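# Descriptive structure summary
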There are 2 protein chains.
Amino acid sequence: MAHLQAQEIRPYHHGDLSRALIQAGRRILEVGGPAALSLRAVAREAGVSPAAPYHHFKDKCELLEAVAKEGWMELGSAVAKARASAPDARAALTNIGVAYVCFARDNPALYRTMYDGACDRATMPDHAKEDDSGWRHVREALIEAGADPAEERELELATIAAWCAAHGVAEMAGFKEFESLKTALGGEEPFVRAVLEHVGIFAAMSRPKIRA
Amino acid sequence: MAHLQAQEIRPYHHGDLSRALIQAGRRILEVGGPAALSLRAVAREAGVSPAAPYHHFKDKCELLEAVAKEGWMELGSAVAKARASAPDARAALTNIGVAYVCFARDNPALYRTMYDGACDRATMPDHAKEDDSGWRHVREALIEAGADPAEERELELATIAAWCAAHGVAEMAGFKEFESLKTALGGEEPFVRAVLEHVGIFAAMSRPKIRA
DNA sequence: CACCTATGTGAACGGTGTCAAGATAATCTT
DNA sequence: AAGATTATCTTGACACCGTTCACATAGGTG
C-alpha cells in the first residue's frame, strides 16, 4: 500500500497537532478502514513521531473518541437537514431514518468508530445524546408526528426504538446478500426506505398503546 | 491480570486442538472481551505454542469465524426455542426478538465477534443465513403471523426489517443511559419487550402496504 | 522397518501501544 | 533582555501482537 504522505516540512512545534491528528485519523479511516487506524499510522500521516500524540491524548482511545465526536456532529447536522427538508411530520421521521442510514453508508469506517468509541461497550457513545445530536431531532419529530409530549416514558421508548431501528438498518444495509433486492427496488435508497418503513415506527406513529 | 491457566500436561500431539482452540477463544472472550482475544492468548490458554494454531486455521480471522459460528448456532437454537414456546403467532415474533436481544446481552463479546466475523463488513456473517439460523424462524413466524407467503419481496423486506430492529436493540440495550427507564419498567426484559414493541414490526404485522 | 504427512516447537520479522529521558521552542517572570 | 518555566516533540526502549520459517515429533501406511 502506497503510504499516504505527510504534508510539507514543519517547524519543531506543529502549532495545532491535535486537530491535525484528528484529520489524519479520518483520512486513514477513509482509505484503510478501522483496521488501518493505528496511533503510529496517524502520527506518521501527520508527520510527527509515534510518541507525539501522547501530549494531546492520553490514549489511543481518547484520540478515537475525538474522531468519533466529529462524526457525531456531522451525523447530527445531516439528520437536522433531513428533518428540515421534509414536507410533513411523518415524512420528517422517515427522512431522518434515511439520512441516518445514508450517513453510515457513506462513512462506514467512521460510523463503526463512533460506536466503538466508548471502548467499553456499556456506555452509549458520549456525543450521541448531546444537544444538537440526532436524539433531539428524533424526539421532536416524534412529537410533531403526533406523540404526546406529556407521556415522557412513551416518548423516550419511541425515541429509543427509532434509534435502534435506524442503527440496525445502518449496520446491515451494506450486506451483499441484499444486492438483488436492492436492484429490484430501484437502488440503495429505495431499499433503505422500504426496510425502514417495514420496521414500523418510521411509518406508523399512532398505534394502540401496549402495556408491559 | 491473573492469566488463565492451561489444563494438565498433554502429549506432544494434542488430539483435538481446533476444538480446544475454539473453546479457549470463547473462554477468553467471556473473561476479557474482544480486546483480549489475541491468537497468542488463545494458544496460551490452550497450552500450545503461538504457532500451533496455524496448522488448523490459516488466519486469526478464520479462528474467530469458527468461534462466531458456534455463536450463530446457539443463537439459532435460542430463537427456535423462544418461537416454539409462544402461545400464538404474534407472540412468537416478539418472543424471537426478546430471545435474540437476550442472547446478545448474555454474550456481548461473542455477539460482537459474530458480526465482526466477516472481517470485511460488506458481507453478512456466513452462518447467519444457514438452515437452522434465526432467519428461517423469523420468516416462518412472519408467515404464521399473517404475512402472505406468496409475496416474496414483501416477506423478505419484513424479515430484514425484523432482523435489523432486533440487531439494533441488541447493540444498544446495554447502554447505561437507559438504566433508569429499565428500572421504571420493571427490569431488563420488560424494557427490551417495550422497545421491541415500540419498534413496530414486532407488535403490528398487518399494516397497509407502502409503495416506494 | 522406512517413509510420509500431520501436528507440534522455537526463533525471528515487522508492526503495535505506551512510557521515560532528553531536546527544543514558546511563554512567563523579573 | 535574561533567566526560568512550561509545553511540545524526538529518540529509544519495552512487551505484546500476527505471521512465517526451519526444525522436532508423532501417527499412519507402504
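Residues numbered from 1 in each chain as written. Chains lettered and ligands numbered in written order. Predicted model: local features only at pLDDT ≥ 70, side-chain atom pairs only at ≥ 80, totals over all residues. Heavy atoms only, no water.

### Considerations on the overall build of chain A
Along its length, chain A carries nine helices and zero strands. Listing every helix and strand of chain A by position from the N terminus yields α-α-α-α-α-α-α-α-α. Residues counted as buried form 50% of the 212 residues belonging to chain A. Sequence separation of 24 or more characterises 63% of the internal contacts of chain A that already satisfy a separation of 6 or more. Summing over all exposed atoms, chain A offers an accessible surface of approximately 10,300 Å²; the carbon and sulfur share of this is 54%. (Helix = DSSP H or I, 4+ residues; strand = E, 2+ residues; numbered from the N terminus. Buried < 20%, exposed > 50% of the residue type's maximum accessible area, 1.4 Å probe, protein only. Contact = heavy atoms within 4.5 Å. Areas by Shrake-Rupley, 256 points an atom, 1.4 Å probe, with all protein chains shown as cover.)

### Details of the interface of chain B and chain A
In this complex, chain B contributes 42 residues to the contact, which on the side of chain A involves 42 residues. Taking both sides of the interface into account, the surface hidden between chain B and chain A amounts to around 4,300 Å²; carbon and sulfur atoms contribute 69%. At the junction of chain B and chain A, the tally comes to two salt bridges. Residue Glu171 of chain B is joined to Arg112 of chain A by a salt bridge in which the shortest nitrogen-to-oxygen separation is 3.4 Å. Viewed at the interface, chain A and chain B are joined by eight residue pairs in polar contact (both at pLDDT 80 or more). Every element with two or more residues in the side of chain B that touches chain A is listed here: α5 (108–116), α7 (152–172), α8 (179–185) and α9 (188–199) of chain B. Counting residues per element, the side of chain B that touches chain A draws most heavily on α7 of chain B, which supplies 14 residues. Along the lines of polarity and charge, the residues of the side of chain B that touches chain A split into 25 nonpolar, six polar and eleven charged. (Buried area = accessible area lost by both parts, 1.4 Å probe. Salt bridge = Lys/Arg side-chain N within 4 Å of Asp/Glu carboxyl O. Polar contact = N/O pair within 3.5 Å; in protein donor to acceptor, adjacent residues only side chain to side chain. Nonpolar A, V, L, I, M, F, W, Y, C, P; charged D, E, K, R; others polar.)

### Observations regarding the packing of aromatic side chains
Taken as a whole and judged by the stated rule, the model has 16 aromatic pairs over all chains. Relative to Phe191 of chain B, the ring of Phe178 of chain B lies with its centre 5.9 Å away and its plane at 35 degrees, an arrangement referred to as tilted. Taken together, the residues span a long stretch of sequence, with Phe178 of chain B in the loop between α7 and α8 and Phe191 of chain B in helix α9 at a distance of 13 residues. Take Phe178 of chain B and Phe191 of chain B: they sit in the same class, and that class is buried. Taken together, the ring pairs in this structure connect Trp72, Tyr100, Tyr111, Tyr115, Trp135 and Trp163 of chain A together with Phe175, Phe178 and Phe191 of chain B into an aromatic cluster. (Phe/Tyr/Trp six-rings, centres within 6.5 Å; stacked < 30°, edge-to-face > 60°.)

### Description of the protein's contact with DNA strand C
As a structural note, the neighbourhood of DNA strand C is formed by 23 residues, with Leu39 and Arg40 of chain A together with Arg10, Ser49 and His56 of chain B the closest of them. Each atom of DNA strand C within 4 Å of the protein belongs either to a base or to sugar and phosphate, the latter forming 53%. Between DNA strand C and the protein, one listed contact pairs a phosphate oxygen with a side-chain N or O atom of His56 of chain B at 2.4 Å. Ranked by residue count, the leading element in the surface near DNA strand C is helix α2 (residues 39–46) of chain A, at three residues. Taken together, the residues of the surface near DNA strand C sort by class into ten nonpolar, seven polar and six charged. (Near = heavy atom within 4 Å.)

### Focus on the relation of the copies chain B and chain A
For the pair chain B and chain A, the superposition axis carries a translation of 0.0 Å, the fit reaches an RMSD of 0.1 Å, and the rotation angle comes to 180 degrees. On this basis, the relationship between the two copies can be described by a two-fold rotation axis. It is Gly168 of chain B whose C-alpha, among those of chain B, lies nearest the rotation axis, at 1.9 Å. Both copies present the same face, since 100% of the interface residues in chain B are matched by interface residues at the equivalent positions in chain A. (Least-squares fit on C-alpha atoms with pLDDT ≥ 70 in both.)

### Quick word on helix α1 (residues 17–32) of chain B
Residues and elements named next belong to chain B. Compared with an ideal rise of 1.5 Å per residue, which puts 16 residues at 22 Å, α1 spans 22 Å between its outermost C-alpha atoms and is within 8% of the ideal. Of the positions making up α1, those classed as buried are Leu17, Ala20, Leu21, Ile22, Ala24, Gly25, Arg26, Ile28 and Leu29. Buried residues in α1 make contact with α2 (39–46), α3 (60–84) and α5. Positive backbone phi, approximately 80 degrees, marks Gly33, located one or two places after α1. (Expected span 1.5 Å × (residues − 1).)

### Section: the nonpolar core
Here is a general trend for soluble globular proteins: nonpolar side chains tend to be buried in one another's company. Formed by 138 residues in total, the largest nonpolar core has its most connected members in Phe191 and Val195 of chain A together with Phe191 and Val195 of chain B. If sequence neighbours within four positions are ignored, Phe191 of chain B has contacts with Ile160 of chain A together with Ala173, Phe178, Leu181, Lys182 and Leu185 of chain B. (Core = buried A, V, L, I, M, F, W, Y, C linked by side-chain atoms within 4.5 Å.)

### Remarks on the side chain of His137 of chain B
Residues and elements named next belong to chain B. Secondary-structure assignment places His137 in helix α6 (residues 134–144). According to the relative accessible area criterion, His137 is buried, its value standing at 7%. Setting aside chain neighbours within four positions, we find His137 in contact with Gly76, Val79, Ala80, Arg83, Ile96 and Asp132.

### So, the packing of α3 of chain B against helix α4 (residues 89–106) of chain B
Residues and elements named next belong to chain B. The geometry of α3 relative to α4 is characterised by a closest axis approach of 8 Å and an angle of 145 degrees between their N-to-C directions. In this structure, α3 meets α4 at a crossing whose hand is right-handed. From α3, Gly71, Glu74, Leu75, Ala78, Val79, Ala82 and Arg83 reach across to α4, where they touch Ala92, Asn95, Ile96, Ala99, Tyr100 and Phe103. Split into classes, the residues belonging to the contact of α3 with α4 amount to nine nonpolar, two polar and two charged. (Axes fitted to C-alpha atoms, helices over the stretch in contact; angles between N-to-C directions. Left-handed = near helix turned anticlockwise from the far one by under 90°.)

### As for the environment of Ala52 of chain A
Residues and elements named next belong to chain A. The topology assignment puts Ala52 in the loop between α2 and α3 (60–84). The buried category is assigned to Ala52, whose relative accessible area is 16%. Distance from Ala52 to Ser18, taken between C-alpha atoms, is 9.8 Å for residues 34 residues apart in sequence.

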